[in-house]
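Chain residues, written in single-letter form:
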Amino acid sequence: MNDIEFTTKLHAPDIEPRIRHPRIFEVFDRLNPGEYMHLSNDHDPKPLQYQFMMERESTFSWEYLEEGPERWRVAIGKK
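Residues numbered from 1 in each chain as written. Predicted model: local features only at pLDDT ≥ 70, side-chain atom pairs only at ≥ 80, totals over all residues. Heavy atoms only, no water.

Student: How do you make sense of the overall build of the chain when you look at a structure like this?
Tutor: When you go through the chain residue by residue, the secondary structure sums to two helices and four strands. Compactness check: the chain gives a C-alpha radius of gyration of 12 Å against a globular reference of 12 Å for 79 residues, within 12% of the reference. In terms of its C-alpha atoms, the chain occupies a principal-axis envelope of roughly 30 × 30 × 20 Å. Looking at the 79 residues of the chain, the share that counts as buried comes to 38%. Partitioning the contacts of the chain with sequence separation of at least 6, the portion at a separation of at least 24 is 62%. Looking at the chain as shown, the accessible area adds up to about 5,000 Å², and 46% of this sits on carbon and sulfur atoms. With 11 positive and 15 negative side-chain charges, the chain shows a spacing of 4 Å between the two charge centroids. (Helix = DSSP H or I, 4+ residues; strand = E, 2+ residues; numbered from the N terminus. Rg over C-alpha atoms; globule rule 2.2 N^0.38 Å. Buried < 20%, exposed > 50% of the residue type's maximum accessible area, 1.4 Å probe, protein only. Contact = heavy atoms within 4.5 Å. Areas by Shrake-Rupley, 256 points an atom, 1.4 Å probe, with all protein chains shown as cover. Lys, Arg positive; Asp, Glu negative; His and termini not counted. Charge placed at Lys NZ, Arg CZ, Asp CG, Glu CD.)

In structure tokens form, the structure reads like this:
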């Protein structure tokens with residue numbers, strides 16, 4: 001999946017904490033089916049993945065591209 005074209009890239013720590021997840025979902029919702037966003041973070045975004053599972057059930061794919069210890073990168077696709 002490393003040859004994927006990302007429609008947008010977000011670095012979660014650059015987003016104010018109180019609006020971080022809503023902003024990520026806003027960007028995801030603007031994706032067209034088959035497009036991907038690249039998310040990087042300074043910790044495992046597992047809680048965000050669980051939120052996607054609850055709020056966007058079966059409409060997304062989630063693939064870790066890098067899993068720490070200092071940086072996590074995820075490809076989030078829209079189905």
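Student: Would you mind going over the sheet that holds strand E1 (residues 8-11) with me for this structure?
Tutor: Backbone-to-backbone hydrogen bonds pair the strands of a sheet. The strands run either parallel or antiparallel. Sheet architecture is open: four strands sit in the order E1-E2-E4-E3, paired in mixed fashion. Sheet topology places E1 and strand E3 (60-67) at the edges, where each strand pairs with a single neighbour. Averaged over all pairs of adjacent strands, the angle between strand axes in this sheet comes to 20°, irrespective of strand direction. Where E3 lies against strand E4 (residues 72-78), seven bridges are found, and the strand directions are antiparallel. Within the sheet, the bridge partner assigned to Glu67 lies in E4 and is Trp72. (Pairing = 2+ DSSP bridges. Axes fitted to C-alpha atoms, helices over the stretch in contact; angles between N-to-C directions.)

Student: How do you make sense of the packing of aromatic side chains when you look at a structure like this?
Tutor: Two numbers describe a pair of aromatic rings. These are the distance of the centres and the angle of the planes. All chains considered together, the criterion is met by five aromatic pairs. Here the aromatic rings of Phe25 and Phe52 are separated by 4.3 Å at their centres, their planes lie at 25°, and the arrangement is stacked. Here Phe25, found in helix H1 (residues 20-30), pairs with Phe52, found in helix H2 (residues 46-55); they are 27 residues apart in sequence, far enough to count as distant. We classify Phe25 as buried; its relative accessible area is 5%. Three or more aromatic residues link up through ring pairs in this structure, and these residues are Phe25, Phe28, Phe52, Phe60, Trp62 and Tyr64. Its guanidinium or amino end placed over the ring of Phe28, Lys78 lies 5.4 Å from that ring's centre, counting from NZ or CZ. (Phe/Tyr/Trp six-rings, centres within 6.5 Å; stacked < 30°, edge-to-face > 60°. Lys NZ or Arg CZ within 6 Å of the ring centre and 35° of its normal.)

Student: Looking at this structure, how should I read H2?
Tutor: An α-helix turns once per 3.6 residues; consequently, residues spaced three or four apart project the same way. Those residues of H2 not exposed but buried are Leu48, Gln49 and Phe52. Along the long axis of H2, the arc covered by the buried residues comes to 105°, so they all point the same way. Counted as exposed and oriented over 90 degrees from the buried face of H2: Pro47 and Met54. Contacts made by the buried residues of H2 are with H1, strand E2 (36-41), E3 and E4. (Arc of directions from axis to C-beta.)

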